[in-house]
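Per-entry structural report
Each chain, written out:
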Amino acid sequence: MTTARAEIEKNAVQCDTGFCFYWWPKLPQLKGWHQDKDQSYHYGINALAPDGSSFANAEAIMYANAVYKQRVPETKSLKMFIADDRKHFLVSDPGVAITEVNEFVTGDGNKFRSFTLFPKSKGNWEEVTYGEEGEYYLTFVMSSRSKESFNKTQDEYRQLIGHYKQNPE
């Protein structure tokens, strides 16, 4: 595992409408995991899958997203960003249990708030972690098809965020 000096990757890729722009946190390399570039562009996120799997068929995946603050001018703080995201989750799955869990500490000592999202009956077991970097709200997600896989992937998810470092401003 290498610690990365974080930056927001900004990619411009030719697509059906001309050029499509993608922004996401540059993530540290994680042993046993790889970036699924096709799915990263498809979903507009930095999509990670376990080696030997793709983002689409893996039992557990991780991804990160960067939302440019000027694209959400009505959102005035990270706290508001989290609240809006929570509302979105509850609308799409009213039975999901959302629980705030221990903060994650990044490679440079920043504390990111983290929440588990567990299904009432069926659905994905997830952990969503939020932070800020300059002009961006950051979201890190670990999603699993089962509680067992969720538990098995926790260490790697902690490593991913624990080795993440923000760009100095």
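Bear in mind the structure is a predicted one, so any value in this text is a computation, not a measurement. (Residues numbered from 1 in each chain as written. Predicted model: local features only at pLDDT ≥ 70, side-chain atom pairs only at ≥ 80, totals over all residues. Heavy atoms only, no water.)

Here we come to the pairing of strand E7 (residues 97-105). Across 7 bridges, E7 lies against strand E8 (residues 111-118) in antiparallel orientation. Looking at E8, one finds that Glu100 is bridged to Phe115. The turn joining E7 and E8, which pair antiparallel and follow one another in sequence, is formed by 5 residues; a positive phi near 90° is taken by Gly109. (Pairing = 2+ DSSP bridges. Helix = DSSP H or I, 4+ residues; strand = E, 2+ residues; numbered from the N terminus.)

Of the voids in this model, the largest pocket is the one considered here, and its volume is about 440 Å³. Of all the secondary structure elements, the ones that give two or more residues to the lining of the largest pocket are strand E6 (60-68), helix H2 (78-92), strand E9 (125-133) and strand E10 (136-144). Considering each element in turn, the lining of the largest pocket owes the most residues, 5 residues, to E6. Here the lining of the largest pocket is composed, by residue class, of 13 nonpolar, 6 polar and 4 charged. (1 Å grid on protein atoms, 1.4 Å probe; cavity = no way out; pocket = protein on both sides within 12 Å on 5 of 7 lines; lining within 4 Å. Points joined across faces, edges and corners; volume = space filled by probe spheres on them. Nonpolar A, V, L, I, M, F, W, Y, C, P; charged D, E, K, R; others polar.)

Relative to the helices and strands, Asn11 resides in strand E2 (residues 8-15). The contact partners of Asn11, leaving out residues within four places of it in the chain, are Cys20, Phe21, Tyr22, Trp24 and Tyr41. (Contact = heavy atoms within 4.5 Å.)

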